[in-house]
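Chain by chain, the residues run as shown.
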Amino acid sequence: MIQCDLGDQTEAPHVAFLRETDLTPESARAFFLDYYDKAPFEPRHQELFGRYFAALAKDEGPVLIHCTAGKDRTGLLAALTHHVLGVHDDDVRADYLLTNLAARVDARLPMITQALEASLGKRPSETAVRAFLGVEASYLDAAFASIQARSGSIEAYLDAIGADAATREAI
């Protein structure tokens, strides 16, 4: 098991966002676009992703990737894994968007909305709750654009986190 154990002592950014903002569809979307722009370069994510790819190169068998919500870090790491495996970008995006089916957004929407209202003392819009339960292709696009802009390529990013060419070949 590989755990993200760096920096988890503080409040999760999405929890602070839910508590401190107006919870409009626009603010939720802006939050996630910003999150995905920065997430690949969070030191704790880079360290976790590097350990994950090292383990993937060394071990055989199935892999389960998950996190608190199971869609953001998880989605980004799954997309990077698909990239390493040579999966076409369109298929990477389509797989990422399956999160919206797996999250059972429509079925869970009333319950999550009520829970957020009780917890936060304000009722979020349906669209804002959908944004927090699901994903949009633009979020993953933001992460990959950030990786390209800051690292030059996905391969250079992977090299920087310890998933060099030999590791990728082993995977």
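Report follows, based on the coordinates. (Residues numbered from 1 in each chain as written. Predicted model: local features only at pLDDT ≥ 70, side-chain atom pairs only at ≥ 80, totals over all residues. Heavy atoms only, no water.)

In an α-helix, one turn spans 3.6 residues; hence positions three or four apart end up facing the same way. Relative to the 22 Å expected for 16 residues at 1.5 Å per residue, helix 3 (residues 43–58) spans 23 Å between its end C-alpha atoms, a close match to the ideal helical length. Listing the buried residues of helix 3 in full gives R44, H45, L48, F49, G50, Y52, F53 and L56. Where the residues of helix 3 are buried, they touch helix 2 (25–38), helix 4 (73–84), helix 10 (154–160) and helix 11 (165–170). (Helix = DSSP H or I, 4+ residues; strand = E, 2+ residues; numbered from the N terminus. Expected span 1.5 Å × (residues − 1). Buried < 20%, exposed > 50% of the residue type's maximum accessible area, 1.4 Å probe, protein only. Contact = heavy atoms within 4.5 Å.)

Let's shift gears to the nonpolar core. One finds Y36, F49, F53, L80, F144, Y157 and L158 to be the most contacted residues of the largest nonpolar core, which totals 44 residues. Considering every element that reaches this core, the biggest residue donor is helix 9 (residues 137–151), with six residues. Among residues more than four places away in sequence, those in contact with L158 are F53, H83, V84, A163, D164 and R168. (Core = buried A, V, L, I, M, F, W, Y, C linked by side-chain atoms within 4.5 Å.)

So, about the side chain of H45. Mapped onto the elements, H45 comes out in helix 3. What H45 contacts, discounting residues up to four positions off in sequence, is Y35, A39 and R73.

For any pair of aromatic rings, the description consists of the separation of the ring centres together with the inter-plane angle of the planes. A full pass over the atoms with the stated rule returns eight aromatic pairs. Judged by centre distance (5.5 Å) and plane angle (80°), the rings of Y35 and Y36 are edge-to-face. We classify Y36 as buried; its relative accessible area is 0%. Members of the aromatic cluster, connected to one another through ring pairs, are F31, F32, Y35, Y36, Y96 and Y139. (Phe/Tyr/Trp six-rings, centres within 6.5 Å; stacked < 30°, edge-to-face > 60°.)

Position of P40 among the secondary structure elements: in the loop between helix 2 and helix 3. When its relative accessible area of 0% is taken as the criterion, P40 is described as buried. Placed 109 residues apart in sequence, P40 and A149 show a C-alpha to C-alpha distance of 12 Å. Once you skip the residues sitting within four places of it in the chain, P40 turns out to touch Q46, L76, A143, I147 and Y157.

This part takes up the pattern of salt bridges. Evaluation of the coordinates by the stated rule reveals eleven salt bridges. The salt bridge partner of D37 is R150, with a shortest N-O separation of 3.1 Å. Of this pair, D37 sits in helix 2 while R150 sits in helix 9, and the two are 113 residues apart along the sequence. Its relative accessible area of 45% is what places R150 among the partly exposed residues. A salt bridge links D159 to R168, with the nearest nitrogen and oxygen atoms 2.8 Å apart. When its relative accessible area of 17% is taken as the criterion, R168 is described as buried. When salt bridges with common partners are traced through the structure, they connect D90, R93 and D141 into a single cluster. (Salt bridge = Lys/Arg side-chain N within 4 Å of Asp/Glu carboxyl O.)

Before going further, it helps to examine the packing of helix 2 against helix 8 (residues 126–133). Where helix 2 contacts helix 8, the two axes come as close as 7 Å, and the packing angle between them is 20°. Judged by the inter-axis angle, helix 2 sits roughly parallel to helix 8. Note on packing geometry: the crossing formed by helix 2 with helix 8 is right-handed. Together, P25, A28, F31 and F32 of helix 2 and T127, A128, A131 and F132 of helix 8 make up the contact between the two elements. Here the residues of the contact of helix 2 with helix 8 sort into seven nonpolar, one polar and no charged. (Axes fitted to C-alpha atoms, helices over the stretch in contact; angles between N-to-C directions. Parallel < 35°, antiparallel > 145°, perpendicular 65-115°, else oblique. Left-handed = near helix turned anticlockwise from the far one by under 90°. Nonpolar A, V, L, I, M, F, W, Y, C, P; charged D, E, K, R; others polar.)

We now examine the packing of helix 2 against helix 9. In contact at an axis separation of 7 Å, helix 2 and helix 9 are set at 35° when each is read in the N-to-C sense. Two packed elements cross with a definite hand, and for helix 2 against helix 9 that hand is right-handed. In this structure, helix 2 contributes R29, F32, L33, Y36, D37 and K38 to the contact, and helix 9 contributes S138, Y139, L140, A142, A143, S146 and R150. Grouping the constituent residues of the contact of helix 2 with helix 9 by class yields seven nonpolar, two polar and four charged.

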